[in-house]
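Listed below are the residues making up each chain.
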Amino acid sequence: MLLDRLKAGGPAVARQGILIAFIIFMIAFTFMSDRFMTADNLMSVFRQSAIIGVMALGVTIVVIGGNLDLSVGSMLSFATVLVVDLHDKIGPELAIPAMLLATLCLGAVNGFLVGILRLNSLIVTLGMLSVIQGLVLIYSGGQNVDIADQQGTWFAVFGRGAVFGIATPIVIFGVMALFFHMIMTTTPFGRRVYAVGGNPTASTFSGIPRSRVVFATYLISALCVGVAAIMLGSRVMGSQNNVGQGYELQVLAAVILGGTSLLGGAGSVLRTVLGVLMLAFIQNGLILMGQPYYTQWLVTWAVIIIAVWLDVAAKRGRLLSPIA
Amino acid sequence: MTDALQREPAVPALRLAGIVKTFPGVRALDGVDFEVMPGEVHALLGENGAGKSTLMKVLAGMYQPDEGRIVIGGREVRMTTPLEAKQEGVVLIHQELSLVPEMSAAENIYLGELPRQSFGRVDWRRLYARSDAILERLRCKFRSDATVAQLSIANQQMVEIARALTVDARVVVFDEPTASLTDAEKVVLFDIIHDLKAQGVGIVYISHRMDEIFTLSDRITVLRDGQYRGTLETALTNEDEVTRLMIGRSLDLSRESTPVKAGETVLAVRNLTCEPYFEDVSFSVRAGEVVGFYGLVGAGRTAIAEALFGLRNCASGAILIDGKEVAIGSPEQAIALGISLVPENRKEQGLVLQMSCRDNMTLPQVQDLTAGPFVSSGAEIAIFDQYRDRLAIKTPSWRQPVGVLSGGNQQKIVIGKWLSMQPRVLIVDEPTRGIDVGSKSEIHTLLRELAAQGYAVIVISSEMPEILRVSDRIVAMYHGRITREFTAAEVTEDSLVQAISGIAAPAEA
Amino acid sequence: MTPPDTVKQNRPMQDDGPAAPPLPQGLAETLPVGVSKRVRPLLDNPVLRWFVHNPIWGFVLIVLVFFSLASDHFFDYRNVQNILVQTSTIGLIALGMTLVMINGNIDLSVGATLALAAAFAVDVQSWAVFASWGNWQILPAVCLALLAGITLGALNGFIVWKTGVDAFIVTLGAMLGIRGLVFVYTGEQSFYAMNFAYSDFSALSIGPLPVLALIFVLCTLAVHLLLARTVHGRNTYAVGGNREAAVNAGIRVGPHMMLNFMIIGFFAALSGVMLSTQMGAATPNLGRDYELWVITAVVLGGTKLTGGKGDIIGTLGGVLAIGILRNGMNLMQVPAFYVYVILGSILIAVLFLDKRFNRTADGGLRL
Amino acid sequence: DTVRIGITQNNVGIDSYQTTYEQAFIAAADANPDVEVIVLDAGGDVARQISQMQDLIQQQVDAIIVWPTDGQALVPAVRNAHREGIPVVVTNSNIAEAGMEFIAAFSGPNNIQQGIYSAEMMCDALDGEGEIVQITGMPGYTTAIERQQGFDDRLAEMCPDVVQLDIQPGDWNRERAQRTMETFLTRFDDIDGVYSGDDNMGVGALNAALAADRAEGMVFIGATNFAVGYDAMAQGEYWGSVYQSPVDDAEAALQTALDVLAGEDVPKLNYFDTPKITQENMDEFDRPVF
Ligand SMILES: Nc1ncnc2c1ncn2[C@@H]1O[C@H](COP(=O)(O)OP(=O)(O)OP(=O)(O)O)[C@@H](O)[C@H]1O
Ligand SMILES: Nc1ncnc2c1ncn2[C@@H]1O[C@H](COP(=O)(O)OP(=O)(O)OP(=O)(O)O)[C@@H](O)[C@H]1O
Ligand SMILES: [Mg+2]
Ligand SMILES: [Mg+2]
């Protein structure tokens, strides 16, 4: 049995339950649609998943630190509207840093409320989701924003350009994934995030400034949202006030699919990339097969449960939960 | 002891035969045989990680054995859940408390079998009446409607023990029940065990305290590395033989007080007050000495340690390091000042359970173990290896998540973590709770060695032999105040007991 | 070694019990150490103490006073009826959510379940089999809708039980999946009830109380009794407070949790039925985001997300707070954009106050 | 003396059309000293809209204007208002057939007609032959459903040789429409036309086609002409759309309500004109403000 093999292989292999599910899926889709396994399609899916992917990187780090961030969806709306609106007003070279600064401020508010005041992150970020959505609407007066000169601006490079023949969003996503993977696995900061998420009390007893670590995770998350907003704004060359609506749950689903534990203290940035790609490929594969969009939801349901099940089953070495 | 001639060829209350249990990477039990007669107290001994708790969890239906048979009252049984074990009359008093903190003591005692009325309602009157009766029997002073979270650890342990009295048990297992009990409660517990024994219940008793084993048990079975090592009649053996069976060598249990050349005063505390935990506390610790803090549970010793480590706001008083007054606002600052604290509760305060052994050990200093921006894995492993050898930590590799180690080995990881910081002041709070005799004496030796190397060491312990063994000076506390200070030379057991129970007049102005 | 006799002598001297003498007697149980001295005298008054322990009700009180001053329509008897009916939708689900969350689980799929149940309730009425039943055709429809809710709850619970996957993940999946089912079933269209008797039901009143509000009140009472008085209710706390302890004590945690998921499925469906009677119709997008509002209400009501703590009285306060705020802001015509900001900020503010007042007993440690 | 009119809108802020509608409505009400308005927004949630109807009935307003989040689900609420003697004017998208007897009037565009217009433009542009894809609005919402229905029916009837390859939602969201279109482009080698539920999504689809270098010769047709759509049309990249002014929409709704209150004989259905706009005739229209 597969499971016995997993068990015998020890922890290193056992942690890859999701990778196995992913590969099975890719193979299945390849057989079911001849368009699926083409360079064009793969590239297109990678590019599409870059925006959600970059956000998921930040949320992964927040979740490893033991918290949730549901405000990323409306924060994305905020950042995109801001950067697009400012683009025509003060030019892209100023719009980008101004937007990043404003977004980091929102992240700081999250970080302050959760990290320093120790309020429950689910409710805080849910509240912030609503507050930020309101702020966006007030800022834009509820109107869409657009970039007037869509052809001429170098801002287009982030969403539409390419670096060495690879679409810029893919490059940004890849670089950021590797960067944050390094941060989390090889630096003291990463270690501290894992510790704080795993056992906050013991972290304090070990001299780790827990509040600051949590604060920093929210800044990272906000930064990721900012980067995603640049790609989104540049790709669409405009923005609605609610572009990011619902992204928070897609991002969370990707993080979970990547095997990051919502309890904190465990998870991996690289595996979140896997989660993101898996969701994107499901969406893509089903549309290629001509399925109505809601089958995609049904399949996602099954995939999330089966994949996470495989993952936890592999870790505990048996398929069924020991709960009586 | 029961008269051997009169003993019928009775059916054992419990027989385990050839039990094998493996965890990923660990063979925790390797063909263990074990037998308890009705009315017998059978002690189970072994080093930390020998597999005692695992064996008992197999018995209680919490783990499924890979191989082996369980025979209860002459009938082979297969128990897949704790519920089934309970129905077979097996009660396990857990090593780690297994209570629901927000619920009342009574509900915890009858957890899983609350008395019912019509419509599935709880019969509160019956519940409280029965629980009060049991607590009465255990001579507990709190009422059964008290919330468990608000009870002291010792009383929580009594609630756990009370469960043994709720059912008609055939076999009761006590897994280190005395680790957090005071002597008074111990006496009650021993009475209860005698009662159960008289009723013909088979009793398994796990402890690292030899004195208890020898006062209570009829037979002793020793495990080592998951293997059965033999069974001894308690009356016909002695501590030395048992120890040798357990750890493969004898222990020198003599008092370790190489007289110290105490140096400069490193840490001084003046009139420190932190209500309601302690008041007006003054003492000092010099380099090269071990100061023991002794008192009853709740006397305020832990709170002092926490204050020194920057975890408590103190209303008044001063802390001086090297004669200079310092403000310690957080553990970070305390660490920077060279203070280390091995906390009392390793699971909650000491360890990140899902992290590897190595990562736990280097956690407080990971910021400094860097090569460029990266953590230097080599430096970390070097530290881990050093303290694994020094403390004889048993783990397959540094990658093992600390949560699956046995309790004693977990404790060693915490000690190693703080020793590796090379602190000037080392505070250890209940350092050997749940640690086997061999490691315990190693830790004692280690504490003495550290002092000899010039560390200032504070040991907080509720075990008198331990305090007497390692301390150069002993500070006795009662109700948040220091009642007396002794030097190793002048202290006697009687005077110490008096000082911690408020009988002797406080030695303060 | 200490001879037992010495210890026995000492026994009377020893302090036992919850409050060791250094802690001020009495206060130790009522309030954590972290509360500032200024607040303490207030706590001698039992009413004030109750509010400090249930800050959400204090908040409800403040909002009530505020809106009654700000709008003349607010305390109209009709408006109070409105608030009750409007609250019942989220309120019913919140009852189930309280159980599930005390269990240490969560259910994100309730909004979708609500939509599916509403679709069943409205669609089944018009099935040809029941054509001759007259108004009784509503009965099988409602039963089927409730059954669907219970089944979906059971499915969630069963998966949580057997796979051991966290309930957050299981129900996040179900949230998408069940919504998909709704679209499959409805073919993206809304259904409407041909029979106006169905929507007239929502307008019925018994005495001063609208039937819908009455159903909500009765359910609240029932769940309160279930939670506070029955073995199942107490086990709910046990499972959430320390799951391992509950398993060790022989509680069959799996079926237990599954039952609570079935209860929340039932309430989500009931809520869907009640909503569809108000609309006389069912739409596939019904109940979007409800899970978030329900969870918010329950948490505001003092239920811990990690389980083991909470009660129905608090939850009732939580749903009323949100219902009153919504209604009051409608009456005051707060511009749509500001409603988002205000609701969000209030959420965080209440959480903050709750934290101030109900700091849990971390023993005053600076962690 | 003044009349009090309550309005509950669908989802202000979700797109510029609705926002501009609200602004125009308030402006029109402010301009009239005899009108006091209570402006509410349902945020896209039917249940909330029903509560708001209840709240308005309870406040005894003189008339209610409602922009239904769902045409079916609002029937009982409208019936309640009717029973209480409060006239209801439905705006923008109509209520279901069963509710028609309870409303005073409907005022707004004809979404089905818009779908028909788009189908006709598509047929013309493709000369009655070709393969197209459709990107719809948010699934389950009336406007989306009606436009799709008008389009599908008319297309099948008028040019049966135009094949619809697939229909997927774009959720009124430009980025999502862009993503959907990208997948269409990988999936189908030949796409001759794209019909989008509004121009916002249409421009998203156009972006995708441009990026893939396949926009040349592809016919893009939308609805609700947005400024971006107008500009794209001016550049010759976008074929046509349906011109619909939120200002007209709002003013018509208010006026209808006032007429009803004044006791005038108002027809049940007051459609305001939403003409086709294409590259040829776009000079006749102002650039939309949203
Ligand atoms: N769930 C588990 N997964 C992996 N290994 C485990 C698990 N539980 C126990 N072990 C391992 O099994 C061995 C036996 O552990 P056990 O807890 O039974 O020891 P013990 O004799 O009770 O020790 P102590 O005296 O410290 O309580 C240890 O090496 C431990 O690391
Ligand atoms: N009566 C009590 N109720 C609840 N918590 C208490 C009580 N007394 C003490 N504590 C908690 O227990 C911890 C230890 O307290 P303290 O310093 O008074 O005990 P101690 O003398 O170290 O005794 P021990 O460590 O042996 O339990 C403190 O953090 C305190 O919060
Ligand atoms: Mg053990
Ligand atoms: Mg202590």
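Keep in mind that what you see is a predicted model, and the values were worked out from it rather than measured.

What counts, and at which threshold
- Note that residues are indexed from 1 along each chain, following the sequence as it is written.
- Both sets of labels track the order of writing: A upward for chains, 1 upward for ligands.
- Only residues with pLDDT of at least 70 are given local features in this predicted model, and only at 80 or more are side-chain atom pairs given and counted; all residues enter the totals for whole chains, interfaces and linings.
- Working from all heavy atoms in the structure, the side-chain values ignore hydrogens and water.
- Whether a residue is buried, partly exposed or exposed follows from its accessible area with a 1.4 Å probe, protein chains only, as a fraction of its type maximum: under 20%, in between, or over 50%, in that order.
- A helix here means a DSSP run of H or I that spans at least four residues, while a strand means a run of E at least two residues long, and both kinds are numbered starting from the N terminus.
- When DSSP locates at least two bridges between a pair of strands, those strands are taken to pair.
- To count as a disulfide, a pair of cysteine sulfur atoms needs to be within 2.5 Å.
- Nearness of a residue to a molecule or strand requires only that one of the residue's heavy atoms be within 4 Å of it.
- As used in this structure description, the phrase polar contact means that two N or O atoms lie within 3.5 Å; if the pair is within protein, one of them must be able to donate a hydrogen and the other to accept it, and residues adjacent in sequence are counted only when both atoms belong to side chains.
- The Shrake-Rupley method, run with a 1.4 Å probe, gives the accessible areas here. Residue values count only the displayed protein chains as cover.
- Only Asp, Glu, Lys and Arg are considered charged in this grouping, and only Ala, Val, Leu, Ile, Met, Phe, Trp, Tyr, Cys and Pro are considered nonpolar; every other residue, Gly among them, is considered polar.
- Domain delimitation follows an automatic or database domain assignment.
- Donor criterion used throughout: N, O or S atom within 2.8 Å of the metal, extended to 3.2 Å for Na, K and Ca. Water excluded; incomplete-looking sites may result.
- Residue contacts follow a heavy-atom distance rule, with two residues in contact if any of their heavy atoms lie within 4.5 Å.
- Buried area is calculated as the accessible area (1.4 Å probe) missing from two parts once they are joined, with the contributions of both summed.
- What makes a salt bridge here is a side-chain nitrogen of Lys or Arg within 4 Å of a carboxyl oxygen of Asp or Glu, nothing more.
- In a helix, the anticipated span is given by 1.5 Å times the number of residues less one.
- Under this scheme, a helix contributes an axis fitted over its contacting stretch, all axes are lines through C-alpha atoms, and angles between N-to-C directions fall in the 0 to 180 degree range.
- Distance thresholds for patches are 9 Å for like charges and 5 Å for nonpolar side chains (Val, Leu, Ile, Met, Phe, Trp, Tyr), applied to residues having over 30% relative accessible area and no salt bridge.
- Per residue, pLDDT measures the predictor's confidence, with a range of 0 to 100.
- For Phe, Tyr and Trp, rings pair up if their centres lie within 6.5 Å, where Trp contributes its six-membered ring, and each pair is then called stacked (planes under 30 degrees apart), edge-to-face (over 60) or tilted (otherwise).
- UniProt positions are given in the numbering used here, feature names are shortened, and annotations may be inferred rather than shown by experiment.

Caption draft 1: Structural detail: the pairing of strand β16 (residues 339-342) of chain B. Residue and element names in this part refer to chain B. Taking every second residue as pointing to the same face, both faces of β16 are buried, with Ile 339 and Leu 341 on one and Ser 340 and Val 342 on the other. The pairing of β16 with strand β19 (residues 425-429) spans 4 bridges and is classified as parallel. Its bridge partner lying in β19, Ser 340 is registered against Leu 426.

Caption draft 2: Spotlight on the state of the cysteines. All names here are of chain D. Under the defined criterion, the tally for this structure stands at 1 disulfide over all chains. With its sulfur 1.8 Å from that of its partner, Cys 123 forms a disulfide with Cys 159. Across the S-S bond linking Cys 123 and Cys 159, the dihedral sits near -55°, which makes this disulfide left-handed. With a gap of 36 residues between them, Cys 123 in helix α4 (residues 111-126) and Cys 159 in the loop between α5 (142-158) and β7 (162-169) connect regions that are remote in the sequence.

Caption draft 3: Examining the site of ligand 1 more closely. Residue and element names in this part refer to chain B. Ligand 1 sits among 20 residues. The nearest are Asn 48, Gly 49, Ser 53, Thr 54 and Val 404. Asn 48 has a polar side-chain atom sitting 2.8 Å from an oxygen atom of ligand 1. Here an oxygen atom of ligand 1 and a side-chain polar atom of Ser 53 are 2.7 Å apart. Burial of ligand 1 by the surrounding chains reaches 85%, relative to a free accessible area of 630 Å². Those elements that place two or more of their residues in the shell around ligand 1 are β2 (26-36), α1 (52-59) and α14 (407-419). Top contributing element to the shell around ligand 1 by residue count: α1, with 3 residues. When the residues that make up the shell around ligand 1 are grouped by side-chain class, the tally is 7 nonpolar, 10 polar and 3 charged. Composition of the shell around ligand 1 by domain shows at least three residues from each of domain 1 (10-247) and domain 3 (346-421).

Caption draft 4: Focus on the coordination of the magnesium ion (ligand 4). All names here are of chain B. The protein atoms that coordinate the magnesium ion (ligand 4) are Thr 302 (OG1) and Glu 344 (OE), at distances spanning 1.7 to 2.3 Å. Of the two residues, Thr 302 is situated in helix α9 (residues 301-308) and Glu 344 in the loop between β16 and α11 (346-350); the sequence distance between them amounts to 42 residues. In this structure Glu 344 comes out as partly exposed when scored by relative accessible area, which is 30%.

Caption draft 5: Layout of the interface of chain C and chain A. Taken together, the contact pairs 52 residues of chain C with 47 residues of chain A. Of the roughly 4300 Å² buried where chain C meets chain A, counting both sides, 81% is carbon and sulfur surface. By the criterion of area lost to chain A, the three top residues of chain C are Phe 337, Ile 348 and Leu 367 of chain C, representing 15% of everything that side buries. Linking chain C with chain A are 0 salt bridges, by the criterion used here. The interface formed by chain C and chain A includes 1 residue pair in polar contact (both at pLDDT 80 or more). Taken together, the elements giving at least two residues each to the side of chain C that touches chain A come down to α7 (138-163), α8 (167-186), α13 (253-279), α14 (290-300) and α16 (336-357) of chain C. Looking at the side of chain C that touches chain A, the element that brings in the most residues is α8 of chain C, giving 15 residues. A per-class count over the side of chain C that touches chain A returns 34 nonpolar, 9 polar and 9 charged.

Caption draft 6: Helix α9 (residues 168-186) of chain A, seen in detail. An ideal rise of 1.5 Å per residue puts 27 Å on 19 residues; α9 of chain A measures up with 26 Å between its terminal C-alpha atoms. All of the buried residues in α9 of chain A are Thr 168, Pro 169, Ile 170, Ile 172, Phe 173, Met 176, Ala 177, Phe 180, Ile 183 and Met 184 of chain A.

Caption draft 7: Broad picture of the sheet that holds strand β9 (residues 219-224) of chain B. Residue and element names in this part refer to chain B. Ordered by their spatial adjacency, 6 strands build an open sheet running β6-β7-β8-β3-β9-β10, and the pairing between neighbours is mixed. In this open sheet, the two edge strands, each paired with only one partner strand, are β6 (90-93) and β10 (227-233). In this sheet, adjacent strand axes meet at a mean angle of 20° when their direction is disregarded. In the sheet, strand β3 (residues 41-46) pairs with strand β8 (residues 202-206) via 4 bridges, with the strands oriented parallel. Directly across from Val 41, in β8, lies its bridge partner Ile 203. Of the strands in this sheet, β3, β6, β7 (171-175), β8 and β9 touch α1, which is tilted by about 135° from β3.

Caption draft 8: Quick peek at a nonpolar patch on the surface. Residues and elements named next belong to chain A. Together, Leu 19, Ile 23, Ile 27, Phe 31 and Met 32 give the surface a local cluster of nonpolar side chains, amounting to about 520 Å² of exposed area. Assignment of secondary structure puts Ile 27 in helix α3 (residues 17-32). Relative accessible area serves as the criterion here: at 45%, Ile 27 is assigned to the partly exposed category.

Caption draft 9: Just the confidence of the model for chain A, in detail. Summing up the model confidence of chain A, the mean pLDDT is 88 and the portion of residues at 70 or higher is 94%. Predicted confidence is poor over residues 1-14 of chain A, with pLDDT under 50, and the contacts of this stretch with residues over four places away or in other chains come to 11 contacts.

Caption draft 10: Quick look at the packing of aromatic side chains. Residue and element names in this part refer to chain B. Taken as a whole, this structure holds 35 aromatic pairs over all chains when the rule is applied. On the basis of an interplanar angle of 20° and a centroid distance of 5.9 Å, the ring pair of Trp 124 and Tyr 128 is categorised as stacked. One end of the pair is Trp 124 and the other is Tyr 128, both in helix α4 (residues 124-137) and 4 residues apart, which spans about a single turn. Overall, Trp 124 belongs to the partly exposed group, its relative accessible area being 23%. Residues Phe 309 and Trp 418 carry aromatic rings whose centres are separated by 5.7 Å and whose planes lie at 90° to one another, so their mutual orientation is edge-to-face.

Caption draft 11: Focus on the UniProt feature "transmembrane region" (unreviewed entry) in chain C. Residues and elements named next belong to chain C. Using the residue numbers shown here, the UniProt feature "transmembrane region" (unreviewed entry) corresponds to residues 47-71, 83-102, 109-130, 136-155, 167-186, 206-227, 261-281 and 335-353. A helix fraction of 68% and a strand fraction of 0% characterise residues 109-130, whose end C-alpha atoms lie 30 Å from each other. For residues 206-227, the end-to-end C-alpha separation is 27 Å, with 77% helix and 14% strand making up the annotated structure.

Caption draft 12: Representation of the pattern of salt bridges within the structure. Using the criterion set out here, one finds 54 salt bridges over all chains in the structure. One continuous salt-bridge network, built from bridges that share partners, spans Arg 47 and Arg 235 of chain A together with Glu 175, Arg 179 and Glu 182 of chain D.

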